[in-house]
Amino acid sequence: MLVAPCNMACPYCDVGGYAKDSQHRLPGWSEMSTASIIDFVRDEVAEGSVIYLTGGEPLMFPELVVELGSEIRRLGGYSIVCTNASLSGRLEQVSPYVDEFSVSLKGNAGLGEAASGVTGKLAFEVPRRNTVGLADLPNAVEIVVVMFDGLTVDDIVEVYAPLFGRASFAFKEYRHKATVAHADHSYTSTPLQLADAAVVRPMPRDQIRTVYGQLCDRYPQFVESFTLVLGGGDSQVVVTSAGEELFTP
């Protein structure tokens, strides 16, 4: 379930790349009433679906997240809130009403501003502090780590070690792309060429594998909670402690 507005402008985000007007509306898309959203949730939960509240930034609307999370739980469903963790206090506010948080931080302190499209502490320092605070909440936690060039295993350890053993981790290849939404609610993503001076660049795949391997070697007790995802769109290679698998549409 998509909440279009966001307080960041990450260049690689599927949703952030949509062409939106000043009111954060998508072309050909219409805003749903809360009643319509709840009807949709009921139907999806009845079919056994896990409900993702994503965006954009859903925690810009904590009251809506609380209402939907409460209804999903009442129906016996499972809810996941996908967030950039930049809005202090909102994780704690909605925690009693949702099942899981999926958080994506923006590289490291040096990459944060370029990767998030915002400046100052909101780019990395605040989201990092709020993310580490998830260790004290009862919800399940997934951490999505986008593998930007320049990110090292030591960076990953420095930022995320407090959540090793507490959260699951998905290490994902950075794909520089432009995304366009269509009136039929589909979207297409087109890979872009990066300028030589671009600050945020993809890490080469062999280096991604090296960093991931270094992390697994350093923390063998946590490897079952680490997943590496390469590619996207037409195909993905997923690496876990159980092996490597290719997924295609």
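Parameters and conventions
Position numbers for residues count from 1 along each chain, tracking the sequence in the order it is written. Per-residue local features are limited, in this predicted model, to residues with pLDDT of at least 70; the limit for side-chain atom pairs, both in listing and counting, is 80 or more; totals at the level of whole chains, interfaces and linings are taken over all residues. Just so you know, side-chain values use all the structure's heavy atoms and leave hydrogens and water out. Helix numbers and strand numbers start at the N terminus; a helix is a DSSP run of H or I with at least 4 residues, a strand a run of E with at least 2. Each residue is placed in one exposure class: buried if its accessible area under a 1.4 Å probe, protein chains only, is under 20% of its type's maximum, exposed if it is over 50%, and partly exposed if it falls in between. The criterion used for residue contact is that any of the two residues' heavy atoms lie within 4.5 Å. Each accessible area is a Shrake-Rupley result for a 1.4 Å probe, and residues are judged covered by the shown protein chains and nothing else. Pairing between two strands requires that DSSP report at least two bridges joining them. Throughout, an axis means a line fitted to C-alpha atoms (over the contacting stretch in the case of helices), and angles, computed between N-to-C directions, take values from 0 to 180 degrees. What the arc measures is the spread of directions leading from the helix axis to the C-beta atoms. Geometric relationships in this document are graded by angle, where less than 35 degrees denotes roughly parallel, more than 145 denotes roughly antiparallel, 65 to 115 denotes roughly perpendicular, and other angles denote oblique. In this scheme the crossing of two helices becomes right-handed for a clockwise turn of the near helix relative to the far one and left-handed for an anticlockwise turn of less than a right angle. Residue polarity follows a fixed list, in which Ala, Val, Leu, Ile, Met, Phe, Trp, Tyr, Cys and Pro are nonpolar, Asp, Glu, Lys and Arg are charged, and the others, Gly among them, are polar. One speaks of a salt bridge when a side-chain nitrogen belonging to Lys or Arg is within 4 Å of a carboxyl oxygen belonging to Asp or Glu. Exposure above 30% relative accessible area and no salt bridge define the residues that can form patches, which grow by joining like charges within 9 Å and nonpolar side chains of Val, Leu, Ile, Met, Phe, Trp and Tyr within 5 Å. Classification of ring pairs uses Phe, Tyr and Trp, with its six-membered ring standing for Trp, and accepts pairs whose centres are within 6.5 Å; under 30 degrees between planes counts as stacked, over 60 as edge-to-face, and the remaining range as tilted.

(A) Seen up close, the overall build of the protein chain. Each helix and strand in the protein chain was counted, giving 7 helices and 11 strands. Burial status across the protein chain gives 43% buried among its 249 residues. Nonlocal contacts in the protein chain, meaning residues at least 24 apart in sequence, comprise 66% of its contacts between residues at least 6 apart. For the protein chain, the exposed surface amounts to about 12,300 Å²; the carbon and sulfur share of it is 52%.

(B) Structural view of the sheet that holds strand E9 (residues 226-232). Ordered by their spatial adjacency, 9 strands build an open sheet running E1-E2-E3-E4-E5-E6-E9-E10-E11, and the pairing between neighbours is mixed. The open sheet has two edge strands with one neighbour each: strand E1 (2-3) and strand E11 (243-247). Relative to strand E2 (residues 51-55), E1 is paired through 2 bridges, and the arrangement is parallel. Bridged to Val3 within E2 is Gly55. Lying on the sheet, helix H6 (residues 153-160) is in contact with strand E4 (100-105), strand E5 (140-147) and strand E6 (168-173); it crosses E5 at an angle near 150°.

(C) Main features of helix H5 (residues 125-132). Taken together, the buried positions of H5 are occupied by Val126, Pro127, Asn130 and Thr131. One face of H5 carries all of its buried residues, which in axial projection span an arc of 130°.

(D) Representation of the packing of helix H1 (residues 34-46) against helix H2 (residues 62-74) within the structure. At their nearest, the axes of H1 and H2 sit 10 Å apart, and the two run at 30° to each other. Classified by the angle their axes make, H1 and H2 are roughly parallel. Both H1 and H2 take part in a crossing whose hand is right-handed. Here H1 contributes Thr34, Ile37, Ile38, Val41, Arg42 and Val45 to the contact with H2, which in turn contributes Leu64, Glu67, Leu68, Glu71, Ile72 and Arg74. Classifying every residue of the contact of H1 with H2 gives 7 nonpolar, 1 polar and 4 charged.

(E) Local environment of the environment of Ile156. Take Ile156: it is sitting in helix H6. Given a relative accessible area of 1%, Ile156 falls into the buried group. Leave out the neighbours within four places in its chain, and Ile156 touches Met147, Leu151, Ala161, Phe164, Phe171, Val211 and Leu215.

(F) Looking closely at the pattern of salt bridges. All chains considered together, the criterion is met by 7 salt bridges. Its salt-bridge partner being Asp154, residue Arg218 comes within 3.0 Å of it at the nearest N-O pair. On the criterion of sequence distance, the pair formed by Arg218 in helix H7 (residues 205-218) and Asp154 in helix H6 is long-range, its members being 64 residues apart. Classification of Arg218 by relative accessible area gives partly exposed; the value is 40%. Salt-bridge contacts for Arg205 lead to Glu173; the nearest nitrogen and oxygen are separated by 3.0 Å. Residue Arg205 is found in helix H7, and its partner Glu173 is found in strand E6; the two are separated by 32 residues along the sequence. We classify Arg205 as partly exposed; its relative accessible area is 43%.

(G) Structural context of unusual backbone geometry. Residues Gly55 and Gly56 are joined by a peptide bond in cis, for which omega reads 15°. Mapped onto the elements, Gly56 comes out in the loop between E2 and H2. The phi torsion at Ala85 lies on the positive side, around 60°, for a residue other than glycine.

(H) Main features of a nonpolar patch on the surface. A contiguous nonpolar patch, built from Val50, Tyr52 and Tyr78 and spanning about 260 Å² of accessible area, is present on the exposed surface. Turning to its location among the elements, Val50 is positioned in the loop between H1 and E2. For Val50, a relative accessible area of 40% translates into the label partly exposed.

(I) Highlighting the packing of aromatic side chains. For the structure on display, the rule yields 11 aromatic pairs. Judged by centre distance (5.9 Å) and plane angle (65°), the ring pair of Phe171 and Tyr212 falls under edge-to-face. Placement of the pair is Phe171 in strand E6 and Tyr212 in helix H7, with a sequence separation of 41 residues. In this pair, the class of Phe171 matches that of Tyr212, namely buried. Centre to centre, the rings of Tyr219 and Phe222 are 6.2 Å apart; their planes meet at 25°, and the pair counts as stacked.

So far we have only geometry, and geometry alone does not tell us how the molecule works.
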